[in-house]
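The lines below spell out each chain.
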Amino acid sequence: MKTNKTPNLLIATLTLTLAVLSSCSSGGGEDTPTPPPPVVIEAPGKSALTAPANNAPCQDVNTAGQVTFQWSAATNAETYDLKITNLNTNASSSQTDITGTSKSVTLNRGIPYSWQVTAKNKGTTTTASDTWRFYLAGDGVVNYAPFPASPLSPTPGATVTPTEGKVTISWESGDADGDALTYTLYADAVDGAQSPVASNVTATSLALSVQAGTVYYWRVVANDGKNTATSILYTFKTAG
């Protein structure tokens with residue numbers, strides 16, 4: 001008997017065609033493209049402050065009190081923010097997105113200031129410089145008042161755990177003339193204006209006897225023998 005192979009051949013051809021079509025419709029077995037790795041932006045480096053000099057009177061200013069702040073370029077930095085703080089009032093002002101490494105700012109004379117520069121780029125991380133202080137010279141000033149004391153510990157507003165019923169308060173100050181300083185510390189649970197707990201001491205820390213679960217207020221008066229400077233009021237709370 002003669003066998004007709006045409007139907008079988010047709011079925012085989014149809015099956016192969018469907019397989020090819022199925023392969024094409026599913027991407028033909030090609031690899032899925034790998035997305036590019038995310039762009040990593042390195043954090044900027046730290047600027048070194050250069051002028052005005054640290055812990056010194058700033059006298060190179062015009063009559064309007066214009067001060068030129070200068071610092072070194074930081075690696076990977078694109079712009080800088082300059083923060084200036086009036087140490088008598090703790091009020092701060094900022095100059096932002098500075099593209100160079102200097103900025104002139106007009107300030108009130110006869111005032112102690114601190115300043116800091118923050119380096120930035122398109123990334124999310126910024127890097128702050130050290131903080132420097134200077135005294136903007138006023139007309140006819142012969143001796144400059146000390147820099148108002150700034151807290152080291154406890155951190156302002158912090159809750160601390162006393163050690164054997166005591167909390168150590170520490171601070172830093174300085175004098176643009178280089179005069180030796182003495183300090184008077186006020187610390188109490190009322191308003192920081194009660195009787196001092198230490199007077200005319202040269203140390204910059206003192207262990208204060210405290211009660212648990214209490215808010216304490218403290219301030220420091222620095223004295224160079226001719227002038228005084230009173231810090232703003234700081235607080236901390238004891239645990240418990």
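Further up the page is the structure itself.
Now for a description of the structure that goes with this document. Since we're looking at a predicted model, the values are computed, not measured.

A tally of helices and strands in the protein chain yields one helix and 18 strands. Look at the contacts in the protein chain between residues 6 or more apart in sequence, and 64% of them connect residues 24 or more apart. Carbon and sulfur atoms form 51% of the exposed surface of the protein chain, whose accessible area is close to 14,000 Å².

This part takes up the layout of surface pockets. The space that makes up the largest pocket amounts to roughly 400 Å³. As for the largest pocket, its lining consists of 18 residues, of which Leu87, Asn90, Ser114, Thr131 and Ser150 are closest to the centre. Secondary structure elements with two or more residues in the lining of the largest pocket: strand 4 (79-86), strand 7 (111-120) and strand 10 (147-153). Ranked by the residues each element gives to the lining of the largest pocket, the list is headed by strand 10, at four residues. Looking at the lining of the largest pocket residue by residue, the class counts come to seven nonpolar, eight polar and three charged.

This part covers the pairing of strand 12 (residues 166-174). For strand 10 and strand 12, the ladder comprises four bridges, and the chain directions are antiparallel. Across the sheet, the residue bridging to serine 150 is glutamate 172, located in strand 12. Alignment of strand 12 against strand 15 (residues 205-209), held across five bridges, turns out to be antiparallel. In the sheet register, serine 170 faces strand 15, and the bridge partner there is serine 205.

Here we take up unusual backbone geometry. Cis geometry is found at the peptide bond from alanine 51 to proline 52, where omega equals 5°. Within the secondary structure, proline 52 sits in the loop between strand 1 (49-51) and strand 2 (56-58). The step from serine 153 to proline 154 runs through a cis peptide bond, and the omega angle for that step is -10°. Along the chain, proline 154 turns up in the loop between strand 10 and strand 11 (159-160).

Here the focus is the packing of aromatic side chains. Tallied over the full model, the rule gives nine aromatic pairs. Both rings, one in tryptophan 171 and one in tyrosine 183, keep their centres 5.7 Å apart while their planes meet at 75°; by these two values the pair is edge-to-face. Remark: tyrosine 183 occurs in strand 13 (residues 182-188) and tryptophan 171 occurs in strand 12; sequence separation between them is twelve residues. Ring centres of tyrosine 216 and phenylalanine 236 lie 5.5 Å apart, and the angle between their planes is 15°; this geometry places the pair in the stacked category. Of the two residues, tyrosine 216 sits in strand 16 (residues 215-223) while phenylalanine 236 sits in strand 18 (residues 234-238), which places them 20 residues apart along the sequence. For the pair shown, tyrosine 216 and phenylalanine 236 are each scored as buried. By the ring-pair criterion, three or more aromatic residues cluster together here, those being Phe69, Tyr113, Trp115, Trp132 and Phe134. Positioned above the aromatic ring of tyrosine 186 is the side chain of arginine 219, whose terminal nitrogen or guanidinium carbon lies 4.2 Å from the ring centre.

With the rule as written, the count across this model stands at four salt bridges. The closest approach of N and O atoms between glutamate 78 and lysine 122, which form a salt bridge, is 3.3 Å. Here lysine 122 lies in the loop between strand 7 and strand 8 (127-128) and glutamate 78 lies in the loop between strand 3 (66-71) and strand 4, a separation of 44 residues in the sequence. On the basis of relative accessible area, glutamate 78 is assigned to the partly exposed category, the value being 40%.

The rules behind the values
Residues numbered from 1 in each chain as written. Predicted model: local features only at pLDDT ≥ 70, side-chain atom pairs only at ≥ 80, totals over all residues. Heavy atoms only, no water. Helix = DSSP H or I, 4+ residues; strand = E, 2+ residues; numbered from the N terminus. Contact = heavy atoms within 4.5 Å. Areas by Shrake-Rupley, 256 points an atom, 1.4 Å probe, with all protein chains shown as cover. 1 Å grid on protein atoms, 1.4 Å probe; cavity = no way out; pocket = protein on both sides within 12 Å on 5 of 7 lines; lining within 4 Å. Points joined across faces, edges and corners; volume = space filled by probe spheres on them. Nonpolar A, V, L, I, M, F, W, Y, C, P; charged D, E, K, R; others polar. Pairing = 2+ DSSP bridges. Phe/Tyr/Trp six-rings, centres within 6.5 Å; stacked < 30°, edge-to-face > 60°. Buried < 20%, exposed > 50% of the residue type's maximum accessible area, 1.4 Å probe, protein only. Lys NZ or Arg CZ within 6 Å of the ring centre and 35° of its normal. Salt bridge = Lys/Arg side-chain N within 4 Å of Asp/Glu carboxyl O.

That is the geometry; function is a separate question.
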